[in-house]
Amino acid sequence: MEMAKRPENMARINTPELAQAFIDEQIAAVREQVGDKKVLLALSGGVDSSVVAALLIKAIGKQLISVHVNHGLMRKGESEQVIEVFRNQLDANLIYVDATDRFLNLLAGVSEPEQKRKIIGNEFINVFAEEARKEDDIAFLAQGTIYPDIIESKGVKAHHNVGGLPDDLKDKFELVEPVKLLYKDEVRVVGVQLGLPAEMVYRQPFPGPGLGVRCLGAITRDRLHALREADAILREEFDKCGLASKVWQYFIAVPDITSVGVRNDQRYEGWPAIIRAVNTVDAMTATIEEVPYAVLHKITNRITTEVEGINRVLMDLTPKPVGTIEWE
Ligand code: XMP
């Protein structure tokens, strides 16, 4: 792939006017590139692919076919939001594939983190390729590549990239990457200007393998469910007390160990829910947010009373280094 370079005199997009100018320019460029052909996009619901989808819907409407693969490892409500925003509000040509069972069946009994990542990445490509083969005359593949992906090329998005597609499909498609010269903050300004909801545009980073890297060890459906519910409570409480807009990334991890507890005067074995709340600029190093004890007590109380299977709540105070942000 030819290496795109941001022109040195390109202004940082930080106002609605600059965002609109960028959008108008890209709409024209995409129409010119695509003509009357169809474009396929893997829409994860993350900031970058969502902004690309909204931009392409403006440019080419139903010629864009967005595919949202629910791998069963999404946070609570995320796939529902993708459907609501893109299908119901923006009238997108959206294919929703609930592949939960396929992923969880393949992951059953697999505890090694790299192996889990590989299974999730490969299966994602399989599902996406299957959908791609069902559609006739698709000539383009759109991607939410942004400038840091190009300059850092750390490969974190590898499993969303065309690189992973089987050769017969890879050779068929030309790439459409309308935000590839933008930094993350600019993508967000463009997303707001396109009318995407704030919670979608300002959402915290979420790894491609999703809750799969936070449901530690071999994933089971009951523990995954507990993790998703506990994570939703954490997000709700961070929203209420204003931490959601202040903390860079916050989530729950649930290891595959249990301890003894008591609930309703009965012995109650359960998993611990581990809270991680970190601040960082570039995710290379991270510090710990000082969450007020009152908030921690409230979260602990809600999780241990509302979530089946969790009987303790712990707080991870480890900065990066030495801990990574995710537990894996
Ligand atoms: P670590 O755990 O390495 O994480 O300190 C650094 C940041 O990267 C995110 N992360 C991912 N993002 N695909 C992504 O798009 C992935 O596979 C992936 N794995 C980790 C992590 O959430 C943190 O923000």
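Here the structure is a predicted model, which means the values were calculated and not measured.

What follows is about the overall build of the protein chain. Scanning the protein chain for helices and strands turns up 11 helices and 11 strands. Against the compact-globule benchmark of 20 Å for 328 residues, the protein chain has a radius of gyration of 21 Å, which places it among compact chains. Its C-alpha atoms give the protein chain principal-axis dimensions of about 70 × 40 × 35 Å. Every one of the 328 residues in the protein chain was classed for burial, and the buried ones make up 51%. Sequence separation of 24 or more characterises 77% of the internal contacts of the protein chain that already satisfy a separation of 6 or more.

Time to look at the sheet that holds strand 3 (residues 93–98). Pairing between the strands of a sheet comes from backbone hydrogen bonds, and it takes one of two forms, parallel or antiparallel. Read from one edge of the open sheet, five strands run 3-2-1-4-5, paired in parallel fashion. The sheet is open, and its two edges are formed by strand 3 and strand 5 (174–176), each paired on a single side. Neighbour to neighbour, the strand axes of the sheet diverge by 30° on average, direction disregarded. Sheet analysis places strand 1 (residues 38–42) next to strand 4 (residues 138–142), joined by four bridges and oriented parallel.

Under the definition given, this model contains 25 salt bridges. Glu326 is the partner of Arg214 in a salt bridge, and the nearest nitrogen-oxygen pair spans 2.7 Å. With Arg214 in the loop between helix 9 (198–201) and helix 10 (221–240) and Glu326 in the segment after strand 11 (310–315), the pair connects residues that are 112 residues apart, well separated along the chain. For Arg214, a relative accessible area of 1% corresponds to the buried category.

So, about the nonpolar core. The biggest cluster of nonpolar side chains holds 54 residues, and the ones touching the most others in it are Leu40, Leu73, Leu224, Phe238, Ile252 and Ile303. In terms of residue count, helix 5 (residues 113–134) provides more of this core than any other element does, eight residues in total. Setting aside chain neighbours within four positions, we find Phe238 in contact with Leu243, Ala244, Val247, Tyr250, Ala277, Val291 and Ile299. Membership of the second largest hydrophobic core comes to 39 residues, among which are Val51, Ala142, Val187 and Met200.

This part covers the confidence of the model for the protein chain. Per-residue pLDDT for the protein chain has a mean of 94; in total, 96% of the residues score no lower than 70. Note that residues 155–161 has pLDDT below 50 and, in this model, 12 contacts with residues that lie over four places away or in other chains.

Right, let's talk about unusual backbone geometry for a bit. With an omega dihedral of -20°, the bond running from Lys320 to Pro321 counts as a cis peptide bond. Structurally, the position occupied by Pro321 is in the segment after strand 11. For the bond from Pro321 to Val322, the omega torsion is 25°, close enough to zero to count as cis. Locating Val322 in the fold gives a position in the segment after strand 11. Not every positive phi belongs to a glycine, and Asp91 is a case in point at roughly 55°. Looking at the element boundaries, Asp91 is found in the loop between helix 3 (78–89) and strand 3. In this model, Asn264 sits at a positive phi of 50°, which is unusual for a non-glycine residue. Relative to the helices and strands, Asn264 is located in the loop between strand 7 (262–263) and strand 8 (266–267). Residue class for Asn264 comes out exposed when judged on its relative accessible area of 68%.

Tracing the chain through its elements places Glu131 in helix 5. If we ignore the near neighbours within four places in the chain, the residues touching Glu131 are Val67, Ile95 and Val97.

On to the environment of Lys320, then. Within the element layout of this structure, Lys320 appears in the segment after strand 11. Here the alpha-carbon distance between Lys320 and Ala283, two residues 37 residues apart in the chain, equals 8.6 Å. Discounting residues that sit within four places of it in the chain, Lys320 has contacts with Ala283, Met284, Thr285, Ala286 and Ile325. Within polar-contact distance, the side chain of Lys320 engages the backbone oxygen of Ala283 at 2.8 Å.

Burial runs high along strand 2 (residues 64–70): seven of the seven residues are buried. Here strand 2 shows a buried face lined by Leu64, Ser66, His68 and Asn70 and a second buried face lined by Ile65, Val67 and Val69. Read as a crossover between parallel neighbours, the route from strand 1 over helix 2 (residues 47–60) to strand 2 is right-handed.

At a closest axis distance of 9 Å, the pairing of helix 1 (residues 16–34) and helix 8 (residues 184–193) adopts a crossing angle of 85°. If you check the angle between helix 1 and helix 8, you find them roughly perpendicular. Residues Pro16, Ala19, Gln20, Phe22 and Ile23 of helix 1 form the contact with helix 8, whose own contacting residues are Val189, Val190 and Gln193. Classifying every residue of the contact of helix 1 with helix 8 by side-chain character gives six nonpolar, two polar and no charged.

Scoring rules and cut-offs
Residues numbered from 1 in each chain as written. Predicted model: local features only at pLDDT ≥ 70, side-chain atom pairs only at ≥ 80, totals over all residues. Heavy atoms only, no water. Helix = DSSP H or I, 4+ residues; strand = E, 2+ residues; numbered from the N terminus. Rg over C-alpha atoms; globule rule 2.2 N^0.38 Å. Buried < 20%, exposed > 50% of the residue type's maximum accessible area, 1.4 Å probe, protein only. Contact = heavy atoms within 4.5 Å. Pairing = 2+ DSSP bridges. Axes fitted to C-alpha atoms, helices over the stretch in contact; angles between N-to-C directions. Salt bridge = Lys/Arg side-chain N within 4 Å of Asp/Glu carboxyl O. Core = buried A, V, L, I, M, F, W, Y, C linked by side-chain atoms within 4.5 Å. pLDDT = per-residue confidence, 0-100. Polar contact = N/O pair within 3.5 Å; in protein donor to acceptor, adjacent residues only side chain to side chain. Right-handed = clockwise from strand over helix to strand, strands pointing away. Parallel < 35°, antiparallel > 145°, perpendicular 65-115°, else oblique. Nonpolar A, V, L, I, M, F, W, Y, C, P; charged D, E, K, R; others polar.

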